[in-house]
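# Structural description and commentary
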Amino acid sequence: MTQPTVIVRMADAGDVYMSWRWVADSAPRGASALPEEAAMRAVSMLADALPQPAESGGLERALTTGAFASYENEYLVAQALSRALLPYGLAAQLYELSQRGVRPHIRLQPSPRVAQVPWELIAPDRDIRLIDIADVSLLAPAGIVQAPARVARSWAQTRSGPVVAVLDPRIPGFRADSTLGSVLGRMTAHTPLAQRMAGYAAAGRLRPAAQDPVQVFRRTDLDRAWLGAAMSDGASRLIYVGHVTAAVPESGRSEDAELHLACTADAVGFAAPTRTHRPLSAKDLLLGTHTLDTEPVAGPVLWPIPSRVALIACESGGDLRFSEALGLTAAMINGGAELVTASRWALPTDLAFQRIAGAPPDAHPLQQAICAIDAAHEQPDPVTALADWQRARLAAWRNEGRIEHSPVLWSAFATVCA
C-alpha cells in the first residue's frame, strides 16, 4: 500500500496561514488561518526551552530547569504548539488515518516564524504526538530544487559509493576546549560513532581512508580543497559533525551561514577569517569563486554534493528561518543532494549532558543520534527510518523521563527532501 502523503504549506502574514493537499487527492484539501497571538505565544514557549549557548547559563537552563528537562513541562509546550498550529480539519484527517492503522507522510514547508517548531513533538492529545501517527519531513525551497543548472545525484545510482565523513575537524587557531573546539571529545575505538565508522572502513567505503577509525576524528587536513576532491571522486553520502555559525534571521543573509572545516585563513572564500581560520560559507557553496578569481568556478563544480547529506551541528538547518532560504541546507541541495538532515537549534554535547544535566558517564546521546541519522541515510526510505528512531526516543522519554532521552536533542533534527 502506498503511504498517503500530505503537502502542507505555511505563510506569515500577521496570522499564520496554512494550506494542505493530499497527493492523488486521497482526502479533501483544506486551509486555515492560525491566529498570530496564540501561534507566537506557543513559539515563544518553545524558544524559552531551547539551548542558548551564547547566553550566560543558557545551555545549563535548557538541560536542568527548562521545559525540555522534564516530560510534564515539555508536554505543556507540545500541547500549546498543537493547539496553535494544528488546524482541526487536518488533525481530524490524521486521526481518521491513525484509527485505520495508517501512518501518512507529512511534507511540510514551514513559514520563517515557525521554522524551529519540532512538528514531530506536537501533541494533539495527551497520549499522542504527531510522530506517533505520521512521518514528517520538510520541503526544500522550490526555487532551489527547480534551478536550471542543478544536477541532482540519485541515491539508487550512488548508494554503494564511499561515505565522506568530516568528523569534529580541528579548526586552525582554536583549542579543543574553546568556542570552536571539539564537539565529540576524546574518541576511542569503543565509542558508538567510532564503531560505526569502523564498519565503513572495513568495507573500504570510508573517506578519509583509515585502518584505525579513531584516526578519522579531529583531523587537520579536512579543508575545503580536500572536501571538494573527496566528493569529486564519487560519494554516496556526506556526514559532517562539527560547528556551524548561523546568521541571525534579522540580518536577512542566510547565505552567510558558515561550515567550519580545517581551512586556514589563506583559503579562498567569501567568509571573513576568524583568527587563522576561514569558514566555508553557504555563499561559497552556491557561487564558488565568482568575483574571487579571474577564472571563476561554480560552487557545485568545486563541491559536487552527494545524494544524501547529514549536517550535525548547531542550527545547521537554520536557513528556513529566513524569507530567502539560501543557507547550508539549500546550498547542499543546489549542489546535487536529494536529502539533507540538519538541526533546527543548538545541540548539547555528550559532555554537557554528563556534566551539566547529570547523565551517566557512559551516556552518549549525541553520538547515538549521529549513528541513528547515519544509519537512516543508508536505508531506502531514510525519512521513515529516522522517524522510527524518533519514535523509539519518544517512548524512552515517556517511560523513563531521563535527560539523555530528552527531545532537546533528538527532536532538533529535521530532514529536508528535494
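The coordinates are above.
Everything numeric here is computed off the predicted structure, so don't read it as measured data.

### Regarding the nonpolar core
In terms of nonpolar packing, the biggest core is built from 126 residues, with Trp119 and Met332 touching the most fellow members. With eight residues, the top contributor of residues to this core is helix H3 (residues 71–85). Setting aside anything within four residues of it in sequence, one finds Trp119 in contact with Met10, Leu85, Leu108, Pro110, Val114, Leu130, Val136 and Arg344.

### So, helix H9 (residues 224–232)
Regarding H9, the residues found buried are Arg224, Leu227, Gly228, Ala230 and Met231. Buried residues of H9 fall within an arc of 165 degrees about the axis and therefore sit on the same side. Positive backbone phi, approximately 105 degrees, marks Gly234, located one or two places after H9.

### Describing the pairing of strand E12 (residues 308–312)
Side-chain direction in a regular strand flips from residue to residue, so the side chains alternate between the two faces of the sheet. Of all the five residues making up E12, five are buried; the element is thus mostly covered by neighbouring parts of the structure. Of the two faces of E12, the one carrying Arg308, Ala310 and Ile312 and the one carrying Val309 and Leu311 are both buried. As judged from the five bridges shared by strand E8 (residues 237–241) and E12, these two strands associate in the parallel manner. Within the sheet, the bridge partner assigned to Tyr240 lies in E12 and is Leu311. When E12 meets strand E13 (residues 339–343), the two strands line up parallel, connected through three bridges. Looking at the pairing, Ala310 lines up with Thr341 of E13. Following the chain from E12 across helix H12 (residues 328–334) to the adjacent parallel E13, one finds a crossover that is right-handed.

### Quick look at the pattern of salt bridges
Counted by the stated rule, this structure contains 25 salt bridges. With a shortest N-O distance of 2.9 Å, Asp135 and Arg391 are connected by a salt bridge. With a gap of 256 residues between them, Asp135 in strand E5 (residues 135–139) and Arg391 in helix H15 (residues 382–399) connect regions that are remote in the sequence. With respect to class, Asp135 is no different from Arg391; both count as buried. Residue Arg237 pairs with Glu378 through a salt bridge whose shortest N-O separation is 2.9 Å. Placement of Arg237 in strand E8 and of Glu378 in the loop between helix H14 (365–376) and H15 is noted, with a sequence separation of 141 residues between them. Glu378 matches Arg237 in its accessibility class, with the two residues each being buried.

### So, the sheet that holds E12
Across the sheet, which stays open at both edges, the 11 strands sit in the order E3-E2-E1-E4-E5-E14-E13-E12-E8-E6-E7 with mixed pairing between neighbours. In the strand order of this sheet, the two ends are held by strand E3 (30–34) and strand E7 (206–207), each with one partner. With two bridges connecting them, strand E6 (residues 163–167) and E7 associate as parallel partners. Paired with Val163 across the bridge in E7 is Leu206.

### Structural notes on the side chain of Asp374
Along the polypeptide, Asp374 turns up in helix H14. In this structure Asp374 comes out as buried when scored by relative accessible area, which is 0%. Polar contacts involving the side chain of Asp374 include one to the side chain of Arg196, which spans 2.3 Å. Not counting residues up to four positions away in its chain, the partners in contact with Asp374 are Arg196, Met197, Tyr200, Arg237 and Ile239.

### A short note on the state of the cysteines
Scanning the entire structure with this criterion turns up zero disulfides. Unpaired in this structure, Cys263 has its nearest cysteine sulfur neighbour in Cys314, at a distance of 19 Å. With relative accessibility at 1%, the residue Cys263 sits in the buried group.

### Regarding the sheet that holds strand E9 (residues 244–245)
Reading across from one edge, E9-E10-E11 is the order of the three strands in this open sheet, with antiparallel pairing throughout. The sheet is open, and its two borders are formed by E9 and strand E11 (280–281), each paired with just one other strand. With two bridges connecting them, E9 and strand E10 (residues 258–259) associate as antiparallel partners. Across the sheet, Thr245 pairs through a bridge with Glu258, a residue of E10.

The rules behind these values
Counting of residues starts from 1 at the beginning of each chain's written sequence and follows it residue by residue. Given that this is a predicted model, residues contribute local features only at a pLDDT of at least 70 and side-chain atom pairs are listed and counted only at 80 or more, while totals for whole chains, interfaces and linings are drawn from all residues. Water and hydrogen atoms play no part in the side-chain values, which are based on all heavy atoms of the structure. We define a nonpolar core as any set of buried Ala, Val, Leu, Ile, Met, Phe, Trp, Tyr and Cys residues linked to one another through side-chain atoms lying within 4.5 Å. Accessible area is worked out with a 1.4 Å probe on protein chains only. A residue is then buried under 20% of its type maximum, exposed over 50%, and partly exposed in between. By definition, any uninterrupted DSSP run of H or I lasting at least four residues is a helix, any uninterrupted run of E lasting at least two residues is a strand, and each is numbered from the N terminus. Only heavy atoms enter the contact rule, under which two residues are in contact if any of them lie within 4.5 Å. This arc is taken over the directions from the axis of the helix to the C-beta atoms. Any two strands between which DSSP finds at least two bridges are classified as paired. For crossovers, right-handed means that the path from the first strand over the helix to the second runs clockwise, given strands pointing away from the viewer. The term salt bridge refers to a side-chain nitrogen of Lys or Arg lying within 4 Å of a carboxyl oxygen of Asp or Glu. For the purposes of these results, a polar contact is taken to be a pair of N or O atoms within 3.5 Å, where, inside protein, one atom must be able to donate a hydrogen and its partner to accept one; residues adjacent in sequence count only when each atom of the pair is a side-chain atom. Whenever a pair of cysteine sulfur atoms sits within 2.5 Å, that pair is classed as a disulfide.

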